[in-house]
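Residue strings, one per chain:
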Amino acid sequence: DTGVSQNPRHKITKRGQNVTFRCDPISEHNRLYWYRQTLGQGPEFLTYFQNEAQLEKSRLLSDRFSAERPKGSFSTLEIQRTEQGDSAMYLCASSLGLAGPYEQYFGPGTRLTVT
Amino acid sequence: DAKTTQPNSMESNEEEPVHLPCNHSTISGTDYIHWYRQLPSQGPEYVIHGLTSNVNNRMASLAIAEDRKSSTLILHRATLRDAAVYYCIRGLPFNKFYFGSGTKLNVKP
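Residues numbered from 1 in each chain as written. Chains lettered and ligands numbered in written order. Predicted model: local features only at pLDDT ≥ 70, side-chain atom pairs only at ≥ 80, totals over all residues. Heavy atoms only, no water.

Each aromatic ring pair is summarised here by two numbers: the centre-to-centre distance and the angle between the ring planes. Summed over all chains, the structure comprises 15 aromatic pairs over all chains. Ring centres 5.3 Å apart and planes at 40 degrees place the aromatic pair Phe 21 of chain A and Tyr 90 of chain A in the tilted group. Of the two residues, Phe 21 of chain A sits in strand E3 (residues 19-24) while Tyr 90 of chain A sits in strand E9 (residues 88-95), which places them 69 residues apart along the sequence. Residue Tyr 90 of chain A is classed as buried on the basis of its relative accessible area of 0%. Summarising the aromatic geometry, the rings of Tyr 36 of chain B and Tyr 46 of chain B are spaced 5.7 Å apart at their centres and angled 75 degrees between planes, so their arrangement reads as edge-to-face. You can see Tyr 36 of chain B sitting in strand E3 (residues 32-38) and its partner Tyr 46 of chain B sitting in strand E4 (residues 45-50), a full 10 residues away along the chain. Residue Tyr 36 of chain B is classed as buried on the basis of its relative accessible area of 1%. Of the residues examined, Tyr 46 of chain B reaches a relative accessible area of 19% and is grouped as buried. Aromatic rings pair up to connect Tyr 33, Tyr 35, Phe 45, Tyr 48 and Phe 106 of chain A together with Tyr 36, Tyr 46, Tyr 87, Phe 97, Tyr 98 and Phe 99 of chain B into one cluster. Above the ring of Phe 74 of chain A, the side-chain terminus of Arg 22 of chain A is found at 3.9 Å from the ring centroid. For Lys 96 of chain B, the ring lying beneath its charged end belongs to Phe 45 of chain A, and the centroid distance is 5.8 Å. (Phe/Tyr/Trp six-rings, centres within 6.5 Å; stacked < 30°, edge-to-face > 60°. Helix = DSSP H or I, 4+ residues; strand = E, 2+ residues; numbered from the N terminus. Buried < 20%, exposed > 50% of the residue type's maximum accessible area, 1.4 Å probe, protein only. Lys NZ or Arg CZ within 6 Å of the ring centre and 35° of its normal.)

All names here are of chain B. Locating Glu 45 in the fold gives a position in strand E4. For Glu 45 and Thr 79, which are 34 residues apart along the polypeptide, the C-alpha to C-alpha distance reads 16 Å. Contact partners of Glu 45, with chain neighbours within four places excluded, come to Trp 35, Tyr 36, Arg 37, Leu 39 and Met 59. (Contact = heavy atoms within 4.5 Å.)

What follows deals with the pairing of strand E5 (residues 44-50) of chain A. Residues and elements named next belong to chain A. Most of E5 sits out of view: 6 of its 7 residues are buried. One ladder, built from 6 bridges, connects strand E4 (residues 31-37) with E5; its direction is antiparallel. Its bridge partner lying in E5, Arg 31 is registered against Gln 50. Here E5 pairs with strand E6 (residues 53-57) via 4 bridges, running antiparallel. (Pairing = 2+ DSSP bridges.)

Put into structure tokens, the structure is as follows:
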């Protein structure tokens, strides 16, 4: 257990439905990252936050994806109108950011299956 | 854009040292070299990172070439629990990471 929790751990949804995932980082960590991982591939960067500010979004993140981190604590990742291609493991990580140490601590992930 | 090159897979015997290579020939002067590993059904886990000098911690050692274009992760005595996918990443330590496909390490008893 790294101290980063993600809920739910598994989500099965039908194409076209909206889903929301939650990530609770280690409490003193001010950086929070979202990655997506498909089978046999390494994680792909999606977006990251410094406190409540979203600093960068990957071009992989279509308009159907939105992420928030209100008050700089937990974060949510919402996917609207899900497609089968959205099926993947969604990973959240947190770190102390500029102050260091710099390790990113990953949660166990949320596995999304779109049918 | 991962910008590192690693072998797809490697095999080792239990209790023997393992040297996992990584090529990062286009590394910039401010990029660190990070290693993470991912055990089956888990999120990635930090292993070690360095900038120019060789680094040691309780998990592994990191040997960085003098020109910084390559590095080697060294597991001194592989155990069955070290079987995982190992990712070599270059980048600023407090920034997003670009993972490649990594090296899948198989440890034989």
